[in-house]
Structures are given as structure tokens and as C-alpha cells.
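# Analysis of the macromolecular model
Spelled out, the chains give:
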Amino acid sequence: MKTHRYTGLAFAICIGLSACGGSGDDTSEPDPDKKVYPAYTDMTASGGDTTTYDASESGHGFSTPAPNLSDAELEHHLEGDLSFETAFTTAPNQEHPDLDGLGPVFNNTDCNSCHQRDGRNSTPIVPVGQDRIKLSSESGIFLRISKAPAEPCTQGTAANDYCAPIPVPNFGGQLFHRGVLKARPDWEENLFGGQADVYLSYETKEVTYPDGSSITLKKPLFDVENPYDAPGETKDSANVTSDLLQDDVLMGWRNGMPVFGLGLLEAIPEADILALVDEDDANGDKISGRVNLVFDAVKAQAGDENPVSVGRFGWKANTPSVRVQSLGALRGDIGITNPLFPDESVAGTALHDSYLTRTGFTDTGEDINGEPEADAAFSDSVVFYAESLAVPARRNVNDPNVREGARLFDEINCKGCHKASFVTKSSGDIGGIPMSDSHKSQTIYPFTDMLLHDMGEELADGRPDFLADGNEWRTRSLWGIGLTQTVNPQAGFLHDGRAATMEEAILWHGGEGENSRDAFMELTKAERDQVVAFLMSL
């Protein structure tokens, strides 16, 4: 039976601290009143030699290339920067065939729209006087969708598709709320409509601290309406016929994540991650963690008989490498096929079949030479860009409040999920390609254990993803989190952007995070502010 324990969705309360003790030959009794600070309290180089010290107070604080790249790597990185910001168009584009192939259904037209300035996207705002808004081109949030499995999948095999989410018939595994002009059969009534319309609203709740002060938290709610296979239909319709609106369809809301430091996370030795697994809570701290074992498209393409790897990226650790994550998003979020994912994400659906017929097969997911829409050079540059962005240095480490915040994080046992540091491997591949020297043998401080943790019912989306269940989320890295709203003032925290501040993110933690959340709430107002000050220094 799994124990609810603390986790690391991201931003919240705990930071993998390890208390540091004394050394030497002093045998005197320890002073119980002496404050003990974590070993990394004074650390500034969060990304080792990849750290940039020019990010403070900069709107482009996440967009600096790692300073230890070779000249050739820097050139490749800058090529990737251009690719990352490339906005694609509907096919065919005679003047710029290298830019066409968008969709036919998609969430955004370029990578930067979901990862604004390489950070988080803007949280949608419902204007005063309105109950809800319709997601549009400005929205960086999207929906994962799947059918509920008949029973939990606990061991992936080729026969059960490695426990991958079950696609929704005629829709797939992601809901695309936008489309090119003729994407839908009823396109004349739904110009640039996608698979369905998505509406966002919020509900609120009040949380009161033991000292009597209170804070209002908001939770996003989503309504899916007007699916292409049953125009105008909603979940409240008298006769629900759409494949998308059936009761066994699960939906999980996702914000785009920051993309800096990813190559370093992939360079963490797998053995070091596995060593942290404590699935049965053997140490009794009410915190455990486990890996997500996921299908690896790179291994499959190479002919591996068991194409499964440890998941490292995505909110539920559902992708194994930056390559799979980046090129999967290129094909999924934007609709651009590439060498790793050469087929349209909606291939074989009724929507795609009718779209091809309606448009004379002018947008089949291939270029004029029969190759994927994005070539290998473009794809490789996007991947390397995401692998080689610098990690921002810590700031304000000498501030007494920051130092006290570090100590308090340790005191309320945040190290159970947000492990402070790793040393990256000295050789090997990442994403099937030899790793850059810039990533090798680096001591890094991402504050994550890279594992899945149960975050409790209030954060649950109920949707399994490979071995991750509906309550589990991967521990989010906390490095750079203090610059999040410097880079994008409208950015929110947690998987659906519900938290506008660090404090709010902490208060949403449940499950394995409940004890640490409650301990945070028991602190004085000044101490809570110190905890936040520490987070803001990262």
C-alpha cells in the first residue's frame, strides 16, 4: 500500500537540503541552540560551469547559452535559438516551404509561445465580469487526453504499449484547440477551429494560517465543448455522441515548463536516480518516490528490443530525453513532423482523413521530397538549444533572510523530494547522441530527485501516464525559480498555473507534501517570508 508522502511538483516547499554537521576532532557536546545551515547555503553556481551570472533582473534570464560551450557548439546553439522561435505556417507555402506544415490541428505555432523567453507561459486571466474565457492563440496551456484503462498498468510490455496512455478514438493523446483554416469539416462555421473549443474558469478557496491570517487560492476549471465529431455538443447535452465527451475520457491540464538546464538533468547518472527510489517508504519519513519507466522513441528507432527508459521530463516524467521531449512537442504541440516522429499526431483520425480529402492531399505531413516537414538539421538544432541553455546563478546568498530560509527548509524536511545536488556523468550519450563536454562532470544544484511523488487529491488530475498514476507528479527542479516572474510577470506555478506566488504553490501541496506544508503553515509570518526569500534566491 502506497504511503502519501511529500513531493516535489515544483515550487513549493521543500528544497533538497542536507544538513551539514561539524568535522574534526572536537568532542564537545553540540549546542542545541546553535543554528545549523545546509551545506549549499552559500552556493551560487547552480549549474556548475554552465552557470550564467548575467541573468539577475533580466527578462532574458533563462535565454543565455551555457558559457562553457565550444565555438562550434555555440554556433549550433544559436541556430537552435532561431529554430525555437520559428513560427510555422499552413502548407503549402510556396515562398517559404521550409516554414509550412503547421497542424492541421495544433496548440501553438512555435516553441516560444509555450515556453515564453525559455520560461513558463502566461497564466490566462478571466476578466472581471466574465465567468470564463475561451483558450486561443495566446494560451500556452493545453490538455492531455486519454481513455481510462480497465485496470492499472504496472509493468510495461510491447503487448500493452509499455503502459502508454490509451488514445481517445479519433482524437489521440492531446487536445488541439486550434486549427488551420479548413481543419474541421464544419470549418466555415468554425474558422481556425481545432478538435474542440476549450473554456477556462476559476474557483477559489480560503486557507487560514494558525496565526489567523488567510490567503485565497484559485483553481482552474476547464470545459470542453463543440467537438469536431459532434458540433455544438457539450457534456450536458441530452445525448452525448462525441468520442471526446464520453465519461471514460480523462483530461489533464499542462503548462509549458522552463527549458534551461535540461541537458544537465539528462546527464545525471541513472544509477544516482535509482538510488533515491523509496517506493515503500523504508525509512518511515512518509515520503517515498519511484521512477516512471516510459517508451523511448530513440531506442525504438535504433531497433532496441526493449525500448524503455527512465522518464526524466514532463510533469509526470513521461519522456526519457530532451530529444524525445522536444521533437514530440514539435510534432504534437505544433503539428510539425520530424525524423523521430514522422507521422502527424492525428493521422488516421476522422478529422485528418476528411481534411486531406477536403484539401486535395496538399498537407500530408511530408515535404516536397517525401521527407518529414522538419529536417534533421532543424530538429537537431532545437534539441541542442534546449540542452545547452545556461542555468542562472543564485542571488542574494548573503541576505540573512535567505540564509534563514535555507535552514527552515531543512527543518521542515523538504529534502525528502527536492534533493539539492548531483554530479553529472563523465561520458556517454544523451538522447542517443554523444553528450557535450559542457555537461560532463558538473556539480549541479537542481533541487529535485527526478522521481514521482503522490501530491494528494487536490492536485491530482486522475490521469495515468505510463507508470505514473493520477496523483503522482515528478519533482520539479527549483533552480532559477526565483526569476520566473522576472522573465514573464504573468507566469504561474504548478502544472496548471494555478499558483500566482511561491506561497500559493506551497499551500497546494498535499499527499506526501502535507507534513511539510503543515509545518510551513505553523511558522511565523516572518519565517514564512524567509522560506519564500530562499526560494526566490534560487
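Whatever comes next refers back to the structure up there.
So, here's what we can say about the structure. None of the values given here were measured: they were computed from a predicted structure.

Following the criterion strictly, the structure yields 10 aromatic pairs and no others. Look at Phe-171 and Tyr-228: their rings are 5.0 Å apart centre to centre, the planes differ by 50°, and that puts the pair in the tilted class. One end of the pair, Phe-171, is in the loop between strand S4 (142-147) and strand S5 (174-175); the other, Tyr-228, is in the loop between strand S8 (214-225) and strand S9 (249-254), and 57 residues separate them in sequence. An identical accessibility class is assigned to Phe-171 and Tyr-228; each is buried. Taken together, a centroid distance of 6.4 Å and an interplanar angle of 90° make the contact between Phe-447 and Phe-534 edge-to-face. Taken together, the residues Phe-447 in the loop between strand S16 (443-444) and strand S17 (452-454) and Phe-534 in helix H12 (residues 525-537) connect sequence positions 87 residues apart. For the pair Phe-447 and Phe-534, a shared accessibility class is recorded, and that class is buried. Lying across the ring of Trp-315, Arg-476 places its NZ or CZ 5.4 Å from the centre.

Strand order across the open sheet formed by 3 strands is S5-S4-S9, with antiparallel pairing between neighbours. Among the strands making up the open sheet, the edge pair consists of S5 and S9. Summarising the sheet, S4 and S9 pair through 6 bridges and their orientation is antiparallel. Pairing of Arg-144 across the sheet is with Gly-252, part of S9.

All right, on to a negative patch on the surface then. Negative charge collects at one region of the surface, where Asp-343, Glu-366, Asp-367, Glu-371 and Asp-375 lie side by side. Turning to its location among the elements, Glu-366 is positioned in the loop between helix H6 (350-358) and helix H7 (376-387).

A separate point is the pattern of salt bridges. Here the structure, examined in full by the defined rule, presents 23 salt bridges. As a salt-bridge pair, Arg-184 and Asp-186 come within 2.8 Å of each other at their nearest N and O atoms. The same class applies to Arg-184 as to Asp-186, namely buried. Linking Glu-458 and Lys-205 is a salt bridge whose minimum nitrogen-to-oxygen distance equals 2.7 Å. Of the two residues, Glu-458 sits in the loop between S17 and strand S18 (472-474) while Lys-205 sits in strand S7 (residues 197-208), which places them 253 residues apart along the sequence. On the basis of relative accessible area, Glu-458 is assigned to the partly exposed category, the value being 39%. Overlapping salt bridges bring together Lys-35, Glu-404, Arg-407 and Glu-411 as one network.

With that out of the way, let us pick up the nonpolar core. Leu-175, Val-224 and Leu-244 are the most contacted members of the largest nonpolar core, which totals 70 residues. Contacts of Val-224, omitting those with residues within four sequence positions, involve Leu-143, Leu-175, Ala-196, Asp-197, Val-198, Leu-244, Leu-245, Met-251 and Trp-253. Formed by 38 residues, the second largest nonpolar core is a distinct cluster that contains Met-257, Ala-406, Met-502 and Leu-507.

Relative to the 18 Å expected for 13 residues at 1.5 Å per residue, H12 spans 19 Å between its end C-alpha atoms, a close match to the ideal helical length. Within H12 the residues assigned to the buried category are Arg-528, Gln-530, Val-531, Val-532, Phe-534, Leu-535 and Ser-537.

Now for helix H11 (residues 514-522). Listed as buried for H11 are Ser-516, Arg-517, Phe-520 and Met-521. Considered in projection along H11, the buried side chains sweep an arc of 145° and stay on one side of the axis. For H11, the elements touching its buried residues are S7, helix H10 (502-507) and H12.

As a packed pair, helix H1 (residues 71-84) and H7 sit with axes 7 Å apart at the nearest point and diverge in direction by 105°. One element, H1, and the other, H7, form an angle in the roughly perpendicular class. Contacts between H1 and H7 involve Glu-73, His-76, His-77, Glu-79, Gly-80, Asp-81, Ser-83 and Phe-84 from the former and Phe-378, Asp-380, Ser-381, Val-382, Phe-384 and Tyr-385 from the latter. Per-class residue counts for the contact of H1 with H7 are 5 nonpolar, 5 polar and 4 charged.

Our next topic: the pairing of S9. Taken across its 6 residues, S9 has 6 buried, putting it largely inside the fold. With burial as the criterion, each face of S9 is covered, one bearing Val-249, Met-251 and Trp-253 and the other bearing Leu-250, Gly-252 and Arg-254.

This paragraph deals with the sheet that holds strand S3 (residues 133-134). One key point about sheets: their strands pair by backbone hydrogen bonds, in either a parallel or an antiparallel sense. With respect to topology, 3 strands assemble into an open sheet ordered S3-S7-S8, the strand pairing being antiparallel. Single-partner strands in this sheet number two, and they are S3 and S8.

Among the secondary structure elements, Glu-512 is positioned in the loop between H10 and H11. Residue class for Glu-512 comes out buried when judged on its relative accessible area of 2%. Within the structure, the side chain of Glu-512 is placed 2.6 Å from the backbone nitrogen of Asp-454, a separation counted as a polar contact.

What follows deals with the pairing of S4. Extensive coverage of S4 is indicated by the burial of 5 of its 6 residues. In this sheet, S5 lies alongside S4 in antiparallel orientation, the contact comprising 2 bridges. For Arg-144, the partnering residue across the bridge sits in S5 and is Gln-174.

Definitions and cut-offs
Residues numbered from 1 in each chain as written. Predicted model: local features only at pLDDT ≥ 70, side-chain atom pairs only at ≥ 80, totals over all residues. Heavy atoms only, no water. Phe/Tyr/Trp six-rings, centres within 6.5 Å; stacked < 30°, edge-to-face > 60°. Helix = DSSP H or I, 4+ residues; strand = E, 2+ residues; numbered from the N terminus. Buried < 20%, exposed > 50% of the residue type's maximum accessible area, 1.4 Å probe, protein only. Lys NZ or Arg CZ within 6 Å of the ring centre and 35° of its normal. Pairing = 2+ DSSP bridges. Patch = residues over 30% accessible without salt bridge, like charges linked within 9 Å, V, L, I, M, F, W, Y side chains within 5 Å. Areas by Shrake-Rupley, 256 points an atom, 1.4 Å probe, with all protein chains shown as cover. Salt bridge = Lys/Arg side-chain N within 4 Å of Asp/Glu carboxyl O. Lys, Arg positive; Asp, Glu negative; His and termini not counted. Charge placed at Lys NZ, Arg CZ, Asp CG, Glu CD. Core = buried A, V, L, I, M, F, W, Y, C linked by side-chain atoms within 4.5 Å. Contact = heavy atoms within 4.5 Å. Expected span 1.5 Å × (residues − 1). Arc of directions from axis to C-beta. Axes fitted to C-alpha atoms, helices over the stretch in contact; angles between N-to-C directions. Parallel < 35°, antiparallel > 145°, perpendicular 65-115°, else oblique. Nonpolar A, V, L, I, M, F, W, Y, C, P; charged D, E, K, R; others polar. Polar contact = N/O pair within 3.5 Å; in protein donor to acceptor, adjacent residues only side chain to side chain.

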